[in-house]
Amino acid sequence: MGIWDMGNASSDLKSGPTFFGGASSWKTQLTTDHLVASGLSRLWVAGRTLKEKCRTAQASGSQGEKAAERPLPQRVSLFLPEFPIWQPTQHQQLKILGCVAKGSLGPVLKVLDCAQQQMYALKVLPKDEVLRRKTLKQCKEEVSIQRQVKHPFIQCLGNSWQGQQHLFIMCSYCSFGDLYSLWTSTKCIDEDTVRIFAAELILVLAYLHDLGIVHRDVKMENILLDERGHLKLSDFGLAKHLPVGERAYTICGTLQYMAPEVLSGGPYSHSADWWSLGVLLFALSTGELPVAPENDHVSMLETVAQATYDVPVCLSQGLSHLLKELLCRLPRQRIRYLHQFKSHCFFRTVAFDPVLLQKSPVDLVMKMRRSEMTDFQAVGMFEDFDCELTRTVDFPCPA
Ligand SMILES: Nc1ncnc2c1ncn2[C@@H]1O[C@H](COP(=O)(O)OP(=O)(O)OP(=O)(O)O)[C@@H](O)[C@H]1O
């Protein structure tokens with residue numbers, strides 16, 4: 001499927017629009033030339049990440065069918081080496097406890113490794129969909145980047161493998177859910193907590209950018225909370241190796257969080273992540289996104305170009321300045337270097353050191369702590385986990 005059917009987009013999506021292909025298309029990535037070539041300049045938006053390359057209807061349909069008909073060995077080797085072949089003894093001890101979220105391609109399951117007595121989140125990606133939606137390269141990039149990065153505030157990869165029908169990406173389970181859930185239950189988050197979260201995210205983004213990686217989908221849904229309330233950046237499904245000095249042109253991300261230079265089709269660089277952080281911090285501290293989400297990237301760009309990004313007077317001067325400096329439309333003038341944040345007045349009391357930041361639990365999150373294990377009942381062993389998992393949704397699943 002391509003962009004022509006985006007009008008069927010589902011509305012059960014968390015953050016409101018993440019730029020995305022709709023109920024039947026996943027991880028859509030738009031390149032401007034495809035847009036122009038197909039004559040479709042406006043996209044329906046459904047509230048998830050836009051990650052799949054758009055083609056014309058005919059091209060996409062026929063190639064998708066061909067992909068599904070590929071002989072088995074090729075369908076296996078295509079996913080190597082990032083997704084090694086499953087060895088039957090490896091994962092037989094996994095028990096499905098429930099469905100954590102409906103990912104845009106397949107479910108994210110909560111599983112228990114009975115041998116280790118450890119909980120994991122398992123992202124299940126049907127191979128046919130990955131091929132049909134031309135997201136193979138991104139899935140491999142996601143795994144390869146997640147293998148490469150190691151940081152206290154990044155959700156590290158546990159394992160990845162392939163079965164006959166699915167790809168699996170497994171990470172340790174974050175029992176406190178994501179930042180979006182915290183935000184929706186508290187709305188305005190106090191400045192002290194915002195300061196800690198901001199410092200943690202700044203450290204992570206500076207780390208990624210130093211490695212030449214741009215995340216491109218910084219948003220609340222992609223930030224998990226550990227058992228002490230500290231952050232873990234996750235979902236590297238749009239992340240890209242972008243050496244310093246190089247530029248990207250693909251329009252992708254989540255509309256409300258996308259920098260103007262991304263919405264306009266580039267060129268853009270790592271600075272785009274700092275804009276997204278500005279949107280996120282604005283929402284955390286005011287309870288509202290700075291601009292209302294639009295239906296497509298063209299309208300979104302118009303809105304972003306006209307918005308004043310006025311910060312409520314109740315915020316401290318330091319935070320107010322920080323938000324303005326992050327939400328600066330000119331990427332070169334946007335605040336973006338670690339030393340700039342370190343000397344910023346909003347962070348006067350903060351040590352930009354992961355160990356010190358993690359020393360105390362985050363009070364707000366600890367207060368909001370919800371009881372673990374009460375909402376999930378084991379629904380079956382994960383022995384035949386390459387069964388039709390995406391159709392097996394008779395376990396607890398968030399709406
Ligand atoms: N390790 C984890 N622990 C707990 N919850 C998780 C974990 N990983 C993911 N989730 C939950 O699953 C949701 C979807 O995960 P993720 O964003 O990785 O999937 P996705 O298929 O890429 O989704 P989308 O395309 O909508 O971004 C997250 O917002 C989070 O709520």
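My aim in this report is to walk through the structure given alongside it, one point at a time. (Residues numbered from 1 in each chain as written. Predicted model: local features only at pLDDT ≥ 70, side-chain atom pairs only at ≥ 80, totals over all residues. Heavy atoms only, no water.)

Focus: the nonpolar core
Turning to step 1, where the next piece is worked out: Counting 74 residues, the largest nonpolar core has Leu 179, Leu 280, Leu 281, Leu 284 and Phe 347 as the members making the most contacts within it.
Turning to step 2, where the next piece is worked out: Setting aside chain neighbours within four positions, we find Phe 347 in contact with Arg 195, Ala 198, Ala 199, Ile 202, Leu 322, Phe 341 and Phe 352.
Turning to step 3, where the next piece is worked out: Among the nonpolar cores identified, the runner-up in size contains twelve residues, and Leu 125, Val 130, Cys 139 and Leu 157 belong to it. (Core = buried A, V, L, I, M, F, W, Y, C linked by side-chain atoms within 4.5 Å. Buried < 20%, exposed > 50% of the residue type's maximum accessible area, 1.4 Å probe, protein only. Contact = heavy atoms within 4.5 Å.)

Concerning the pattern of salt bridges
Here the idea is simple: oppositely charged side chains can pair when their charged atoms come close.
Turning to step 1, where the next piece is worked out: What the rule picks out here adds up to eight salt bridges.
Turning to step 2, where the next piece is worked out: Measuring nitrogen to oxygen at the nearest pair gives 2.5 Å for the salt bridge that ties Glu 129 to Arg 133. Assigned by exposure class, Glu 129 and Arg 133 land together as buried.
Turning to step 3, where the next piece is worked out: Between Glu 261 and Arg 334 there is a salt bridge, and its shortest N-O distance comes to 2.8 Å. With a gap of 73 residues between them, Glu 261 in helix α8 (residues 260-263) and Arg 334 in the loop between α11 (317-326) and α12 (338-342) connect regions that are remote in the sequence.
Turning to step 4, where the next piece is worked out: Looking at Glu 261, the relative accessible area reads 8%, which means it is buried.
Turning to step 5, where the next piece is worked out: Note on Arg 334: relative accessible area 0%, which makes it buried. (Salt bridge = Lys/Arg side-chain N within 4 Å of Asp/Glu carboxyl O. Helix = DSSP H or I, 4+ residues; strand = E, 2+ residues; numbered from the N terminus.)

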